Every structure is written in C-alpha cells, then in structure tokens.
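Listed below, chain by chain, are the residues.
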Amino acid sequence: MSVAEHEAAPGAVAGVVLESCLADIVEVSAPRGCALDLARVADSWGARLASHGHATASPECITICVRPERWLLLATLAPPGATAQLWHRRCAPAGVVIDLSSAWSVLRLTGAATREVLARGCRLDLDPGVFRDGHAASTTIAQVTVIVAALGAGFLLLTPATTSRDFCEWLTIAARTFGLSRRANCTLRTGTV
Amino acid sequence: MTRGPARIGLGLLTDSAQSVRFSFDGRWMPGLAGDTLASALLANGQRLIARSFKYHRPRGIFTCGPEEPCGLVDVLTPGGREPNQLATTLLLHDGLHAESQNRWPSLRVDALSVMNRLSGLLPAGFYYKTFMRPSWAWERLYEPLIRRAAGLGRVGPSKEEHALSVETVHQHTDVLVVGAGPAGMTAAYRLGRSGLRVVLVEQDVVLGGGSLLDSRWTPWREHMCTLLDNSPSVRCLPRTTVVGAYGHGVFAALETPERKPPNRTMIRERLRIIRAREVILATGATERLIAFPGNDIPGVMLAGAAQGYLRRYGVAVGREPLFFLTSDEAYGAVFDLHAAGIHRMAVVDIRAESLAAERARALGLDVYSGCVVNSLVGRNTVQGVRIAGIRSARQVERAADCVLMSGGYSPNVSLARQLGADLHWQDDTAGFVPTLGAARGRIAGAARGVIGLAASARDGDSIALQVATAFERAAAPMAEISIPADAPRSQCLPLWEVRGRGKAFVDLQNDVTADDIRLAHREGYEHIEHTKRYTTHGMGTDQGRIGGLVGSAVLAQARGVPVAAVGQPTPRPFVQPVPLAALAGAEIQGRLKPKRRLALHDWHESAGASFVATGLWLRPLVYAREPGWEAVLREARAVRSSVGITDVSTLGKIDVQGPDAARFLDFVYANTFSTLPVGKARYGIMLREDGMVLDDGTTARLSPEHFVVTTTTMNSAAVLEHLEFCLQAVCPELDVLCTDVGDQWAQFAIAGPRAREVLGAVITGLDISNDALPFMATASATIAGIPARLFRISFSGELGYELAVPARESLAVWTALLEAGRRLGIVPYGLDALNTLRIEKGHAAAPELNGTTSADDLGLGHLLKRHGDFIGRTLAQARGSSTQGRLQLVGVRPLNGAQQLRNGMQLMVPGTQTPVGFITSSTPSVVTEGWLGLALVSAGRDRMGQHLIGASPLHDQTTPVEIVRPQMFDPENARVRR
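Residues numbered from 1 in each chain as written. Chains lettered and ligands numbered in written order. Predicted model: local features only at pLDDT ≥ 70, side-chain atom pairs only at ≥ 80, totals over all residues. Heavy atoms only, no water.

1. Some words on the confidence of the model for chain B
Part 1: Here chain B averages 94 in pLDDT, and 98% of its residues register 70 or above.
Part 2: Interface confidence for the predicted complex, expressed as ipTM, amounts to 0.93; the pTM equals 0.91. (pLDDT = per-residue confidence, 0-100.)

2. Here's the deal with the pattern of salt bridges
Part 1: Per the counting criterion, the structure on display carries 62 salt bridges over all chains.
Part 2: Ionic pairing is found between Arg597(B) and Asp166(A), a salt bridge with its closest N-O pair at 3.0 Å. Residue Arg597(B) is found in strand β29 (residues 596–597), and its partner Asp166(A) is found in helix α4 (residues 164–174); the two belong to separate chains. For the residue pair Arg597(B) and Asp166(A), the accessibility class agrees, reading buried in each case.
Part 3: Each of Glu116(A), Arg120(A), Arg176(A), Glu167(B), Arg235(B), Glu255(B), Arg270(B) and Arg272(B) takes part in salt bridges that share partners, so that together they form one network. (Salt bridge = Lys/Arg side-chain N within 4 Å of Asp/Glu carboxyl O. Helix = DSSP H or I, 4+ residues; strand = E, 2+ residues; numbered from the N terminus. Buried < 20%, exposed > 50% of the residue type's maximum accessible area, 1.4 Å probe, protein only.)

3. Side note on empty space enclosed by the protein
Residues and elements named next belong to chain B.
Part 1: For the structure on display, the rule yields eight cavities of 30 Å³ or more.
Part 2: Around the largest cavity, the lining residues are Ala50, Arg51, Ser52, Phe53, Arg59, Pro69, Cys70, Leu72, Gln101, Leu152, Leu508 and Gln509.
Part 3: Here the residues of the lining of the largest cavity sort into seven nonpolar, three polar and two charged. (1 Å grid on protein atoms, 1.4 Å probe; cavity = no way out; pocket = protein on both sides within 12 Å on 5 of 7 lines; lining within 4 Å. Points joined across faces, edges and corners; volume = space filled by probe spheres on them. Nonpolar A, V, L, I, M, F, W, Y, C, P; charged D, E, K, R; others polar.)

4. What about the pairing of strand β7 (residues 96–99) of chain B?
Residue and element names in this part refer to chain B.
Part 1: What you see with β7 is a clean split: Leu96 and Ala98 sit on the buried side and His97 and Glu99 on the side with no burial.
Part 2: Note: strand β1 (residues 15–24) against β7, three bridges, orientation parallel. The residue bridging Phe22 from the neighbouring strand is Leu96, located in β7.
Part 3: Where strand β5 (residues 72–77) meets β7, three bridges bridge the pair, whose relative direction is antiparallel. Residue pairing for β7: Leu76 is matched across the bridge by His97. (Pairing = 2+ DSSP bridges.)

5. Re the interface of chain B and chain A
Part 1: Listed by partner, the interface residues are 50 residues for chain B and 49 residues for chain A.
Part 2: Here chain B and chain A share an interface that buries about 4,100 Å² over both sides, 45% of which is from carbon and sulfur atoms.
Part 3: On inspection of chain B and its partner chain A, the count reaches nine salt bridges.
Part 4: Salt-bridge contacts for Glu724(B) lead to Arg67(A); the nearest nitrogen and oxygen are separated by 3.1 Å.
Part 5: At the surface where chain B touches chain A, the tally comes to 33 residue pairs in polar contact (both at pLDDT 80 or more).
Part 6: Breaking the side of chain B that touches chain A down by element, the ones donating at least two residues are β8 (166–178), β13 (269–281), β29, α16 (601–606), β33 (652–657), β37 (737–740) and β41 (786–791) of chain B.
Part 7: In terms of residues, the side of chain B that touches chain A owes the most to one element, β8(B), which gives six residues.
Part 8: Taken together, the residues of the side of chain B that touches chain A break down into 18 nonpolar, 10 polar and 22 charged. (Contact = heavy atoms within 4.5 Å. Buried area = accessible area lost by both parts, 1.4 Å probe. Polar contact = N/O pair within 3.5 Å; in protein donor to acceptor, adjacent residues only side chain to side chain.)

6. Comments concerning unusual backbone geometry
Part 1: The residue after Ala92(A), namely Pro93(A), is reached through a cis peptide bond having omega 0°.
Part 2: Along the chain, Pro93(A) falls in the loop between α2 (82–91) and β6 (96–99).
Part 3: With an omega of 0°, the peptide bond running from Pro573(B) to Phe574(B) counts as cis.
Part 4: Even without being glycine, Asn102(B) reaches a positive phi, approximately 60°.
Part 5: When you line up the elements, Asn102(B) lands in the loop between β7 and α2 (114–117).
Part 6: In the Ramachandran plot, His248(B) falls in the positive-phi region, its phi being about 55° despite a non-glycine side chain.

7. Overview of the packing of aromatic side chains
Here the distance between the centres and the angle between the planes together describe a pair of aromatic rings.
Part 1: Counting across every chain of the model gives 16 aromatic pairs over all chains.
Part 2: Ring geometry for Phe131(A) against Phe155(A): centres 6.2 Å apart, planes inclined by 25°, an arrangement best described as stacked. Of this pair, Phe131(A) sits in the loop between α3 (114–118) and β8 (136–141) while Phe155(A) sits in strand β10 (residues 154–160), placing them 24 residues apart in sequence. Phe155(A) shares its class with Phe131(A); the two are buried.
Part 3: For the ring pair Tyr309(B) and Tyr313(B), a centre distance of 5.9 Å and an interplane angle of 35° mean the geometry is tilted. With a gap of four residues between them, Tyr309(B) and Tyr313(B) both fall in helix α6 (residues 303–313), about one helical turn apart. As far as burial versus exposure is concerned, Tyr309(B) and Tyr313(B) are alike and both buried.
Part 4: An aromatic cluster of at least three residues, connected via ring pairs, comprises Trp603(B), Tyr623(B), Phe748(B) and Trp814(B).
Part 5: It is Arg640(B) that lies over the ring of Phe969(B); its NZ or CZ is 3.9 Å from the centre. (Phe/Tyr/Trp six-rings, centres within 6.5 Å; stacked < 30°, edge-to-face > 60°. Lys NZ or Arg CZ within 6 Å of the ring centre and 35° of its normal.)

8. Some points on the nonpolar core
Residues and elements named next belong to chain B.
Part 1: Leu37, Phe292, Tyr309, Phe323, Phe324 and Tyr331 are the most contacted members of the largest nonpolar core, which totals 104 residues.
Part 2: Sequence-distant contacts of Tyr309, defined by excluding residues within four places in its chain, comprise Ala38, Ser39, Leu42, Ile61, Thr63, Cys64, Thr88, Met301, Gly314, Val315 and Val317.
Part 3: With 35 residues, the next largest nonpolar core counts Tyr801, Ala816, Leu818 and Ala820 among its residues. (Core = buried A, V, L, I, M, F, W, Y, C linked by side-chain atoms within 4.5 Å.)

9. Comments concerning the sheet that holds strand β3 (residues 54–57) of chain A
All names here are of chain A.
Part 1: The strand order across the open sheet built from five strands is β3-β4-β5-β2-β6, with neighbouring strands paired in antiparallel fashion. Two strands bound the open sheet, and with one partner strand each, they are β3 and β6. Across the sheet, the mean angle separating the axes of adjacent strands is 20° when strand polarity is ignored.
Part 2: Of the strand pairs in this sheet, strand β2 (residues 24–29) and strand β5 (residues 70–75) are connected by six bridges, and their pairing is antiparallel. If you follow Ser29 over to β5, its bridge partner there is Arg70. (Axes fitted to C-alpha atoms, helices over the stretch in contact; angles between N-to-C directions.)

Printed below as a string of structure tokens:
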C-alpha cells in the first residue's frame, strides 16, 4: 500500500498540516566575550536573541538558540546571500554571521494532531505544559537531526536540507492515521507565528 | 440459532445485534461483534481447539485472557499466515479464517498423537540423554525429525508491507498506572484530580479488570470510566500491555488498536515507549491451575475463565459443570453460572468448610468439602469426574461436562520483579507478593496480595495519595462513588497437585508435568532456574503464568522445603510475546536508515545516473544504467581529453573563523596553515593522536581569520567532532568557531584541458587566467548570477576548478555550466570515473586512508612540519611510523596489461606464499590499455620495478604485477598548472 493512500481522504479535515517554508537562515555566533554586545546589537535591529533552549519571534525574524551563544536567525526570503550580508554588516564585529539558508529546510507543522505525530519519532516530551510556547531543542527524529521549536499554534522544524526529503516522507507515514495536508513554498511567518 | 448454541445471555462486550461469520479449520460458524475467537468457538460448542506442543494431546480453551496456554491458532489473511495468535484475545471480525496448529492430517485425527503413547521415551530433557546412538544419526535423523515435529504454527510469507502498519510512539507522563482494575482506576482518577499527567494502561479491551466479573460493580465501573474519560490529564490506553520495565522510568507497552475500515485507522501494533516519573503497578492477580491427572483435557478450564465467558460474552462453557476450588473468591463463578440458569453443577472444595460453600449449599448445590478431583472420565472431552476425600476414604464418580478449577490467585509480579522487587511468601493468599522501594515504583491492589475488589480500590487510592504527596500535590476532592463491600471470606488453602495415574500438567503450553519437575530434581536440577531450563517449565509464550507457582511447589515438595525457599524464576522482558515487526517499527527495508540526497539528486536521476550509497549519501556512480566499465571510461576520457563536470557536494565543509583560527589549524593539521596567504588553498593531512592519518583535504583562506576546511565525504562528521573536541578539551584557550557548512554549499568540480573555457563563459567579475588565478588559488566570484566561491584545485590530475554555490541555487549554476560546455562536449561524470582518475594520478582516498596508514606510509611524510606542535606529532615522528617494514603506498600494473586487477588482491614475492601487501584500489587505465592500481606493500618504495604475484583466491586468479610509483599519470603534475 502506498503512502499516498494513507493520506487524508478528500474533504476530510487533516489532523496535521505540513508546510515547507521559504526562508533565509543565518547563524550568528558570539566570539568570546561578545555575547552581551551581540544581543544588544541584534536587539537594536529588532531581533531578540532567544535564550538557550528557546525561540523568539519578532517582526524582523525568528531566532532559535540550541547551542550556547549561537543563534539561528530565520527571515523571509531575500536574494541569495543578501540576508547574510545584511546581518554581517549589522553584527560585526560583535558577531560572526554564516549563511545557512541552503543548509536547513524549514517546515511548519500545525493541526490538532501535531504532537501526536511528532511523538511517533521524537523522544522529547512535547506536552504543552513541558515544552511550552517558545521552547526549542535539537534532537533526532527518525534518525535525522531536527531542531524543534514550539511557536504559536504549531512547531517549526528545521532539518538538514540533504535529509529533508526523507524526513518529510517519515512525517507523511507518521501522520497517516491522522490525515496530512501538505503545502509547499509557504512564506515564513515572522512576528506572531 | 445464529449466535451459537452455548450463548445463553447477553455479554458485556458482545453486540447481539451484530453477527459475524468466521471459519475455524474450514468450518463456518456464527459469532457476535465483540467476541474473541475463543468465546465464539465456545459459543458454537467447539471444545477441541489445538494439539499440544510435545505429546499432541487434544487441548481446548483454558483461560479467558492473555495467559492462555493452549488456544493458539494460525490466522489466514490476504496478507499471509500469522501463526500463534491467541484465540482468547483475538477479536472476531467478519470473514476471519483461523486454523488449528500442530496437527496432521486434521485436528481430530492427528498422526503425531502417537507421541502421547511414546511419552515414556520423551521425558524432560530427553534430547540430552536419548537418541544418542548411533552417533551419526543425531544430526542426520533424530534432530531433523524432532525439529520437524516440534514448534507451533507455521510462518508464512507476509504479503503486507508490515512497516506501514506498525509504529512507535514516545510517551511521557508523571505517573504510569499499569492495570485498570479497581486499584488502577481509583489511583488514576485520584492522581488526575491532583492535576498530574497520568497514563492508565490496560491490556483488556475495556477498563475494569476484576470488576468486570462482578455485576455489583457495574455502576461503579461505568461511573469511573466516565470520570476518567472526563479527566483531561488522564490518558486511558486499553488494548495495551506493558511488556517490559527497564528502570529510570522507561517502560515498553504494546498496543493492538482496533482495526476499523476505512484506512484511517489501520495500525496493527503500536509500540509505546513510556517514560514516567512514577509508576503504580496495579497488575492484579492471575488464577492458577491445580495439577491433577487429566487436567488438560478439553473441558477443563479455570473457574474465572468460565465466569469471564459468561459475563463478557454470554457464553456458558458447560451445562453440567463441576467446580474444583480452594478459595472463597473462586465461588463467584459458581454463583454467576447458577444465576444464569446453570443449575446442574457441583463444587469440590478442598477445605473442610467455608463461608462460600455454605452459600452454595443454600442454593441447593452439591458441595464436596474436604475432597479433591482425583481424575477425569473421558479422553477427548470431560464426561465425568472421580472425587476423593482428602482425609476420608470417600470416593464418588459424578457426571460433568466440564471441570472449572481454581488453585488460588498469584499476584502478577513480572513487572515489579523487572524493577527489582523482592518476593515474600504470603500465607493469606498462598502466593508470592512483591515489595518494591518507592524510588523504583509502587504496587497496588491484588498485585501486592490485597484480597477483594473493594479493598483493592481503597489500596489504589491510598497508593495514589502517596504518589501525589511525593509530587507535593494536595489531595483533591473525589467524586462520591459507592463501592460494593467485599463479602466475608474464609481462608484459602493451597493445593498444588493431586497425585494419581496419568499426566498432571504444571505447564500446559510446553507439556511439562509434575513428574517432569520431580525428574529434574532427581537428576540434580534443584534450583528453580535450572529446573525451568531443563524441563522448559514456564518458557512458553504464556510464561507459566497459570502454573509457574505450581511447578515451584512441586519442586519444593521434592526437595522437602517450603515453596518460599524455592521461589520463582526471574521474569524478564517481554512479559508476553511481541511481534518482531512491532519492535522494528517503520524503519525497515528502504527506511532502515535515512538517505542524504544531493541538491541535484533529481537532475542526476533524470540524467540516467546509477547511485551508490556512500555512508548515508546517495552519489551518482556513473551516468548509465548498464553495468561495465565502458560508460565509466567514456566519462573519464572526456575529462582527460576535453572537460567534465562532477558533483562533489558530499565533501565535508567546515567554516573555521576567529582570531586564533590559523593557530588552531596549525595544531590540528600536520602541516602549516598560518603561512597560507589569503586567497590560497593548501592540501593538508590531519592525524589522530596515535599518529595515523585521520583525514585529508584542502583548506582555503578566505580572510586572515576565516578558513574553509574540506574533508572527505566519509569523515566529515568525524572531523567536525574532532575539531570541536580539540577546541573544548585540548586547546580551550583558542578563540575559534567551527561551523558545519556541508549542506550549505553545493560543490562542483570542472576538470579537463578545456575547463577554463567553460568556466570563463559563465563567470563574471573575475579573471581566471593562469596568471590571475594560478593553481591552488581561491576567490569569490559570481557564476551564472549566483555568488560563489572558486577554488583552483584538482583531484583528477587535470586543469580543474571546484566551485561552491549555495545549494539552493545549485541547479541554475550546474545547468549554466553544462550549457556553456555543450559545444566542448562536456560530460557529467560520476564517482567511478572520479575514482579512476584519482587512482591513475596516485591520490590516496578512503581505501588508503584506512586508519592504519601513517603520513610516511602514504608518501606524505614531507608534509609533517618540523617546528611546532600538532596532534599526532609524537607518534607520527616515532620510528615505528616510518620503519622500513611498514606497508607503503605504491602503484601496480599487471605485466600482462589485459589482466584484471582486483581490490584486495594479495601481493606475494614469486615463489613464496606470504603476502607482502595488497591492492587497495584498481581500475582500467583511462589513457593506456590495461589495468592499474594502488597498493600498500611492505617496504614498497624499495620495490620499484620489482615483480610480484597478485593473487585473489576468491576469484581463483593470479596476476603477475610490477611495482611502480603511485603517480602513474603526469607525475610532474604539469597538467594541473596549465
């Protein structure tokens, strides 16, 4: 039986909605002793750097911190390299900026069954009372590295671009009993996600 | 009648309005929705269900739940044959096909039932002491015959894709409550009221446990189910069995969801991995058997099972039952059957008197107090019983169509034992009860020897309060629910065995008799663990749940010690059979491991590439689907003669930045990078602490404090880990940031004499002439409008460039390059052609960087810097890393060029049999006829021009070869500098 046959029947309300988001991603790191300066600089540009294990959304971008003094900044799509250059100009010398727009695939998972679906492969406790809005973590789901961030009504999932196809296939299988609706090339929603 | 002749009333679980049809051994029968296969068979009067494992004795249904030892069947589905399904838990559905097992030619006439007559030859452990002569016959005759006769069920090929019908779910909770009887339900409700997250797991299809068998408890059960359903923090999981307890709050549970059409719910098995901060084991107790001659004949079953079939499914297991009991609790079955209109019954109670016996007599039933069932009348089904007084000479023979026995109740201790519980003997229940430190878990209700449903409910509440207190939660007000009082009871009296002529089984699934236990004792297997393994007692899928303690008691009697001194075998996961497919989950076959795909994977596929798995990567091997070297050589020749392009995005790429980046690279590489000018790249080797080569690759300096390190495909993760380790643990004083940018950059190599022409057509803003961008130079550029990095490096030995572009933009750049090279005949080339080119050039790769080679072995000793420290320096410069006898990298050519070389070929000096080395890589030559290869040969550099014999015993091939320099093509390296 093919995977497609398990997807939600036409007209049925899907338990989860999987969106592939178009986004630019840069990693901003603080050289030794520069973390506070970097936070101030970023804040002045409308990017509130999340504390470790958290994600924040602002109108300018989403920041996720799953490594000490390193942040992923997710912003809406711009010409190749432009976002990295912009943030390089803004942050230097307090921060080192590396373009990772092609390195990660950005997915957004929403719907009533989101946590149930993720529990098919994610060992983290994603209960809303434990992994609260604004929490983020790096973990392994279906043998693939995934950064999970609870933002607003759903989860933002970042997975290496080279394994994202496998991960999406896994999500489709994991969601088969709930119904999955897929949307491609969605715009990343910053601000209130 | 469409519901079966033995269906005498309404069951709690059956829907009398919904009939289904099923077949057993080809015979179609009616059943009801909600039936199990066992209840439907019993409703249809089908008593003979199976043949026993060893003696092929006729067997019927013995229990009403997962502890069933006899009722195993094959289920035939469109997806294949599934053996060993428990009839007592297998839910009936329309069109179910079941077959009996372990019989030939039929269930009623089984040729191998002759085993029963030969049982004198087949005592416990017979295969250790009989069938020994003649010695040749064991392997050729006896063992094959025994294997063929043994076993239950037949495994058929599955046509279903099982991976799609199983799944694994991770679950977290504050408290896991195992068992939803009165104790478990009360505990779960109490904890839910305290605001704790609770998972309540129940193996049955409905909640209730023992309360299902007592009609007085129906209102309580229904009320409690409603309360639990409405508790937002309580998750009830029926049809789920906790099969293993692993410590640190980790439990494995197997759920078998109800399969309903259409496809939305089609999960066969769901393995739940539950992590709980606290656990309450309310696993209840299991009724046990009594070993008496003929206690396995169809029609003999546990008293509680008969009560279960009546209450749950409305099925009377007999019209003239005889109860054989040892406790008041078991009388519930007597009273229920009597109330259902079965009045021709009698009770044999081993106790001289009891309160329950008095009640039975008051109903007009015959009660034989102080008696036992001595033996049965009937061979294939129960026709009567012989009753004997224990302390009197009383002998009675009485007609009966079934014997419903109860030897008492044993607390279910498996999970508690897995958590480290100690067992203590409890006279009140004549069983072992567990004690467990609160840090490991808590036990409630019948699982810890509490007798009575009301007492269990109160115990569950009390334990829940302890747990809530441990979580510092206040006791929340509970709904007022009336609990029926437990009836006054008389003390139970243990009875393990009634000795007499005939087989008295202590383990019905493995055909282990009380005599087998005594035999094991006589032969020296005195410890219960030894007895278990010698007799196979308790080793079946039922894990000896109904007869395990009886076996211990028989052994205790043989040893002349109390049962408490014998104990019980150690239970280990799993407490019930778990399908391997459920353990494997969905990550099997094509989904066994994830695949990393290149950004241009789809392009390569559409271009006809065959892919090869390199670690997790799928790499284009050759752009042809047909096997053979022709396509590979065609691609490689294009590179040598004109131009080719290949996708090398799988190379590891690590961004190294910081004020100390150059110092750091000097330390982790054996050669120097601090002297590398900005805009240049340098080949480097990285050593392990033991001096052996870890990895190699080029590193480019993009700015004074910014480098990009490339690694081999296979070692990218290991190198990044190594660098992070060094920064954290070896040189923490250095201010350096390492970032994996492997997925960010797609990287293409354009190689061949005309590579510059192709690149020149698409690049803007950069002079790429030899003077402006010489060999090993690097620069930023714009290619096809995309910002890119350009490196003038070459792995093929030709004029070459590697260009890195953001992977998301790679298709535009790749197609622009192909378009630009079309008039020059540019071809994409795969990993095989790349390998061919590098072997010819003498470049080491994974087969040579095998973890045992030093820099000197690879001819790279000159790269080790003379001044300054680096990882691996001490041992790399030790004599042992460069002694003459070490295997050194050389080239090899067959003397007869047409003869094939093979990887792994052993190289020997002619006239000797001792290998002096082996071929690591081989290929047909691109530019000349014949084969060539690289090899690691002892003192290889001293053997230039020497002839050796290459031998591949696997291929029955010997090939004379000549040792040559590794650089077999353009040794002056002139072509890369053009």
